Structures are given as C-alpha cells and as structure tokens.
Number of protein chains: 2
Amino acid sequence: MAVTIRDVARASGVHVSTVSRTFSAPHLVSAETRNRVLAVAEGLGYRPNRAARALTTGRTHNLGLIVADIANPFFPPLIKAAQEQARERDYHVFVADTDENPLLEQELIEMLSKQVDGVLLCSPRLSNRMIERLRAQVPFVVVNRQVKGLPTVLMDVGQGVRAAVEHLAALGHRRIALLSGPSGSWTSEEMHDAATAAADGAGVELDVLRPNDPTERGGLSAAAAVAESGATGVLCYNDLVALGLIEGLRERGLTVPGDLSVIGVDDSLPGRLNRPKLTTITMPTAAAGRMAVDLLLAAVNAGDTGTPTLARLETRLIVRESTTAAAGAPLPA
Amino acid sequence: MAVTIRDVARASGVHVSTVSRTFSAPHLVSAETRNRVLAVAEGLGYRPNRAARALTTGRTHNLGLIVADIANPFFPPLIKAAQEQARERDYHVFVADTDENPLLEQELIEMLSKQVDGVLLCSPRLSNRMIERLRAQVPFVVVNRQVKGLPTVLMDVGQGVRAAVEHLAALGHRRIALLSGPSGSWTSEEMHDAATAAADGAGVELDVLRPNDPTERGGLSAAAAVAESGATGVLCYNDLVALGLIEGLRERGLTVPGDLSVIGVDDSLPGRLNRPKLTTITMPTAAAGRMAVDLLLAAVNAGDTGTPTLARLETRLIVRESTTAAAGAPLPA
DNA sequence: GTGAAAGCGCTAACAG
DNA sequence: CTGTTAGCGCTTTCAC
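From a predicted model like this one, the values you see are computed outputs, not experimental measurements.

**Thoughts on the interface of chain B and chain A**
You'll often see interface size given as the accessible area lost when the parts meet. Contact with chain B, which involves 46 residues of that partner, is made by 46 residues of chain A. Run the count over chain B and chain A and you get twelve salt bridges. For Arg47 of chain A, the salt bridge goes to Glu110 of chain B, with nearest N and O atoms at 2.9 Å. Counting the contacts that link chain B with chain A gives 18 residue pairs in polar contact (both at pLDDT 80 or more). Mapped by element, the contributors of at least two residues to the side of chain B that touches chain A are helix 4 (50–57), helix 5 (75–88), strand 2 (92–97), helix 6 (102–113), helix 11 (239–251) and helix 12 (269–273) of chain B. Across the side of chain B that touches chain A, the residue classes tally to 24 nonpolar, seven polar and 15 charged.

Structure (structure tokens):
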C-alpha cells in the first residue's frame, strides 16, 4: 500500500487530523508543526488520496469532457484548452468519445457522474429532454448547443456566416450553395438561418444542400450536386467538408477558386495547410474550452443557483485563397 | 446527496452487504433477492460510487493517458482508440497534455497516480531515470519509446523508413535528405538509424537536417537548407513537417513532386487531404492505443510481475502523389 | 444465502 | 493550535 496520512502522522508525532489540516487548511496549523509535517510527508513521498478526500468532501476535483469525436480536428484544441484550464485550477479531466452515439453519450454521463463534479458536453447529440433529466445527477455546461436553463458556451457562427455570404456577394457571386451539416446540429441550424438572412439582405440566391457526413467524405459526395446547382460560391459546414468538396470538384475538372469559391468553418489545421489555403470562419474552440471549464467550476461552486450563464464567443471570416471574384465579375475596389 | 447502497438496502429489505454483493459478486446472491435488489436499485436510479469502491478494493478503474500535445494530429486517433478500448473494459481515462514539458509531465503523473490504476505514457519527454523512479508509484505502459523493464508499445518506423528510402532510390534519387525531429525523440533516432542503414544499402547519399520544431513551422524553416542540400528526395519527421516543407519549397519556386519528392510520417488527415496527396509512412496509432491499454490492464491485474512485454507494431509506406521519379531518371519498371 | 462488523484514507465538527 | 470522534459509500471477512 502507498503511504497514507497515518504514516505521516506517526512519523511526525502528530495526530492524523493535524496532517490533514496541513494539506487542506494550512492556516489552522502552527508554522512549526506545518513545516515538520510537510518535511516528513515530502520525505515519505506522501500524496493525498483524492478519491478518499472526495468521499468526505463530496468534491472529486475531476471533470468530465464528452465529445462526439476526438479525431475530428475541431475538438483537439478544445480538449487541450479545457484540460489545461482545469489543471490550473487543480482539476483533472476525463475525456470520453461518444462516437456520435446518443445512447453511449447518456451511458458515459451516468457512469462518470459519480466520479466528477461536473460535465462538459460538447456538441451533444442527446435530446434536450434527456439532458434536462440527466442534469439532476451532475452539473453540466453545454458547448455548441443551447439547452434551456443550462450554462452554455456558444460560438456565434452566425456572425461569421453573414460575413462569408457578404464576402461572396461582394465578389460578384449571385448564387451561393450552403452545404449544411448533420440534422440535429445546432451549429448547422444557426448557419442555415444566418445564411438565409444574409443572402436575402445581399440579394443573392441560396441553395441549401445536405451532405451525408460532416467530413471530407460528405464534401466529396456533394460535389455533383454543387456542380449542378449552378452556384459559384459555396459555404460548407466545416473545413473537412470544404476540403472534400474541393477534391470532388477537381475530379470533375472544376478548380477552386477558379471556377468556384469555397468557404469552410473551423480554421482547422488541414484547412490552413491546404492549397489553396482555405478561406474559413474561425471557431474559437480553445477559448470555448477554457470558458466552459470556468462556467462549470462556477456552477459547481455556486451550487447551481443563479441565472444560467450564456457565453457567446465571436467568430469571424478569414479570407485566404479559396475565394475570389466570380467569373465575369470585377474585383471589388 | 445521491442515492447510496444504504437506500437500496432499506428499500429492498436486505442488508447493505447483500446489495453490495448483488453488484460486485452476483453469484453469491440468490436469484430472487438479486432481482428484487436490482429492480429497487433501478427504480431509485442507484449507481455504485466507484471512488468509494476504490477505497476498499484499491482499484479505481481509471487510467491516465499522458501525451505531449493533444492538438498534434498524431495523438487524437490514439487517444480515441485508447479511451474506447478502456471503456469496453469498464475503465475511464484521464487525458492530460504536457505541452512537451517534462516537469509538467512528472507533476501530472504524481497527481494522477493515486487516482488511476495505471498510466499510459505516450512519447514521454521525461528522462528514463525519472520514469524508472516514478514507476514505483504507479504502473506504466510506454508508447513510442523504449524504457528498460517497462511494458512498451513501439511503432516500428524503421520498417517504413527503409521502404521509403528504397522507394526514393528506386525512383532514381541519389541524394536524400532526412528532416529529423526533436532531440530526445525515440522515433527520430529510429528513423535516423534506419535511414542511414538503408541509404547505405541502396548506395545513395543521406543528408541529415534538424528542424526546430516537429510541426509545419519546422518544415517551413527547413526549406532553405533542403533546397541548398542538393537532395531531390526528402524524408520528414512527420506529415506536418513535410507539409510545411512543401510550402516552403513552393515559396522558393520549387514544386513537389516535380523538383523534389517528399515523404512524411503518420498518415495524418492533413497529409491525406493535401494536394499533392502526401506519400507517407503509416503509424498504427489507433492500434497502439488499444494495445497499450491492454498491456496496462494486464500489468495491473498481474501485479506487475512477469517479463515486461514489448509490442512492435508494423508500419509501412503508402505511396501517393508527393513522390515521383528524379529528374532525368527513368520510371522504374 | 445473508447479516454483522470492521475498515479503506480522509475530513469535519467538537472539545480542550 | 491540536487531539477525539464519527462517518463518507462501499467491500470483505467472519459468523450464522
């Protein structure tokens, strides 16, 4: 067995509770005793057992982070930022991948609930009803979806989408296609609404197309429909879809941005490294991860009272190389 | 407070120990009692508290997974596979990012050690000495580095590197550059040794160049050196470096594979999506993640006795579009 | 097959 | 400021 509080107490000639206090409420211990205990603990290599502590305090100092797909380049920066922020606040984080499967998501939440002080739900696939039922078991913060009454971190794609549509319109594109994402995706709905409004405002046509899949495969298989739509500008659900689309268009002899202008979402690594460099909408995923951790910790420590917070993070368009003036249209001044 | 074993006991008219057995040793309970307890537990929404269980059993059913950089596309598939494998075996996993910082790595291991049954160390930056010291606190499995006496999962880059060098030689490249990785990287050493031997065997020149950084920036800033080296074939530490290099070369008016052939390592998403599609060496990261979990669990359950295991996973060359015959050389039959 | 009792490592009143 | 006592939720002998 590892060294416990009892070993330290014995070796430093004090009672266990004094050792306990040395670690969890140092100011209640005389400097002299404290130093002695600390020295002994150090020497013995003592580490408080957090699980045991959790049993009495009711605080595990652990968080759960549940994402749909770790391998989707959208998530790693968020995961990285979240676990870093948590660590700085002395929390550890369980990361679990639901494989886009709502049932698994629910099961994971339930399994984890006893072991964490709160759960970060990123782009959950669970129904709102289910989420509201589960919240009795453990505090949540939801990222990238709006659930009534829960603290939420939203990345305001609408902003970026409007800018994107206006950008395309300014380049002379009169017909724009929107390759939207999986049904049930909050982001996809937001994009749809913002794009519709912006297209209306800019006086351009908007075709809404639905790929199978929020990945390069989805984009690839949507290429035919895009080509037939007559659109010269395309806004994609994410960078992966955009990259797949570009590939699919190329297979049809269409070039980007020569024949069509394409815009992605996420500002992901593959998009930045692609040729042409992808024009895209930034998603502040790292900031969202940090903010979500802070909101969760606040909810945990405040005991879930108070108005549920809603953090809206800004997105913006980054113009790179995959968009240019429509054929026959003059470059804007 | 959540519902405990005591609530279930009371509600089903049995002693707590019977409820306990129903969950942890069902065969010791009569079918009748068991069903009743189960039904009551279900109704009450009871979930065993794993932390409390850990206190008596000494098994947390948690694992730690420590990686250098979650955002590096090499890791997400490994993380995903590892946590999935763990989940199937009823384990949860803490994921922690060390930011390539050995001190942080050590601290994370120590903090996590009491809370997990074992730790997966991926591409650790810690010294061997330190790792050996820490192993007293918690069982390890090391991925992508060889530490004497510890269970290890290695991806045999050497294999792929030999194939890569031979591939370049067969295409008529007489001078090959190796853009190796950070010092202290086991993979980089392996690549170096294998490349040297293979170049020797194939009768081609090998230049070894050291980029700053195992990322696209490293490749970008190595472009000048590569161009000056006179090499017509380049093997890079990873896909990111390769992609950065290609970009840097292009800025110098050099095209790939027209002027130089470039090979990466990892078979990562950005490489697959790039144009030209990157010729690369597969790293079976997902398999490594699964295998590492199994080795760790075996070590944990065997009590760390027995010969430390060494799993060597195969790598292979995937020829895509970034390599072609050297200028003036005929395509091989 | 089930109950009683002790204890895992730690914290939290309560005394003193 | 420090020791005493009880107990967190669960498992595990040991009886019966």
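**A short note on the protein's contact with DNA strand D**
The full set close to DNA strand D counts 28 residues, and His15 and Thr33 of chain A together with Ile5, Ser20 and Arg53 of chain B are the nearest of them. The sugar and phosphate moieties of DNA strand D supply 63% of its atoms located within 4 Å of the protein. Arg21 of chain A has a polar side-chain atom sitting 2.8 Å from a base nitrogen of DNA strand D. Note that a phosphate oxygen of DNA strand D is positioned 3.0 Å from one of the backbone N or O atoms of Ser30 of chain A.

**Points about the relation of the copies chain B and chain A**
Superposing chain B onto chain A takes a rotation of 180° combined with a translation of 0.0 Å along the rotation axis, leaving an RMSD of 0.1 Å. Here the two chains are linked by the operation of a two-fold rotation axis. The fraction of interface residues of chain B whose copies in chain A are also interface residues reaches 100%, indicating that both copies meet through the same surface.

**Observations regarding the environment of Val19 of chain A**
All names here are of chain A. By the element assignment, Val19 lies in helix 2 (residues 16–24). Residue classification places Val19 among the buried residues on the basis of a relative accessible area of 0%. A sequence separation of 14 residues divides Val19 from Ile5, and the C-alpha atoms of the two residues are 6.6 Å apart. In contact with Val19, not counting residues within four places along its chain, are Ile5, Val8, Ala9, Val14 and Val37.

**A word on the sheet that holds strand 7 (residues 205–209) of chain A**
Two strands in a sheet stick together by hydrogen bonds in their backbones, pointing the same way (parallel) or opposite ways (antiparallel). All names here are of chain A. With mixed pairing, the six strands of this open sheet are ordered in space as 7-6-8-9-10-12. At either margin of the open sheet sits one strand with a lone partner, and together these are strand 7 and strand 12 (317–318). One ladder, built from four bridges, connects strand 6 (residues 175–179) with strand 8 (residues 233–236); its direction is parallel. Within strand 8, the residue paired with Ile176 across the bridge is Gly233. Across the sheet, helix 9 (residues 186–202) touches strand 6, strand 7, strand 8 and strand 9 (261–266), and the angle it forms with strand 7 is around 160°.

**What to know about the pairing of strand 2 (residues 92–97) of chain A**
Each regular strand shows side chains that alternate between the opposite faces of the sheet. All names here are of chain A. By the criterion of burial, strand 2 is predominantly enclosed, with six of the six residues buried. Of the strand pairs in this sheet, strand 1 (residues 62–67) and strand 2 are connected by six bridges, and their pairing is parallel. Its bridge partner lying in strand 2, Leu63 is registered against Val93. Remark: the strand 1/helix 5 (residues 75–88)/strand 2 crossover connection has right-handed handedness.

**Digging into unusual backbone geometry**
Residue and element names in this part refer to chain A. Omega for the bond connecting Val256 with Pro257 falls within 30 degrees of zero, at 10°, which places this linkage in the cis form. Inspection of the secondary structure assignment puts Pro257 in the loop between helix 11 (239–251) and strand 9. Between Arg275 and the following residue, Pro276, the backbone shows a cis peptide bond with an omega angle of -5°. In this fold, Pro276 is placed in the loop between helix 12 (269–273) and strand 10 (279–282). Unlike most non-glycine residues, Asp90 shows phi in positive territory, near 65°.

Rules of the game
- Residues numbered from 1 in each chain as written.
- Chains lettered and ligands numbered in written order.
- Predicted model: local features only at pLDDT ≥ 70, side-chain atom pairs only at ≥ 80, totals over all residues.
- Heavy atoms only, no water.
- Contact = heavy atoms within 4.5 Å.
- Salt bridge = Lys/Arg side-chain N within 4 Å of Asp/Glu carboxyl O.
- Polar contact = N/O pair within 3.5 Å; in protein donor to acceptor, adjacent residues only side chain to side chain.
- Helix = DSSP H or I, 4+ residues; strand = E, 2+ residues; numbered from the N terminus.
- Nonpolar A, V, L, I, M, F, W, Y, C, P; charged D, E, K, R; others polar.
- Near = heavy atom within 4 Å.
- Least-squares fit on C-alpha atoms with pLDDT ≥ 70 in both.
- Buried < 20%, exposed > 50% of the residue type's maximum accessible area, 1.4 Å probe, protein only.
- Pairing = 2+ DSSP bridges.
- Axes fitted to C-alpha atoms, helices over the stretch in contact; angles between N-to-C directions.
- Right-handed = clockwise from strand over helix to strand, strands pointing away.

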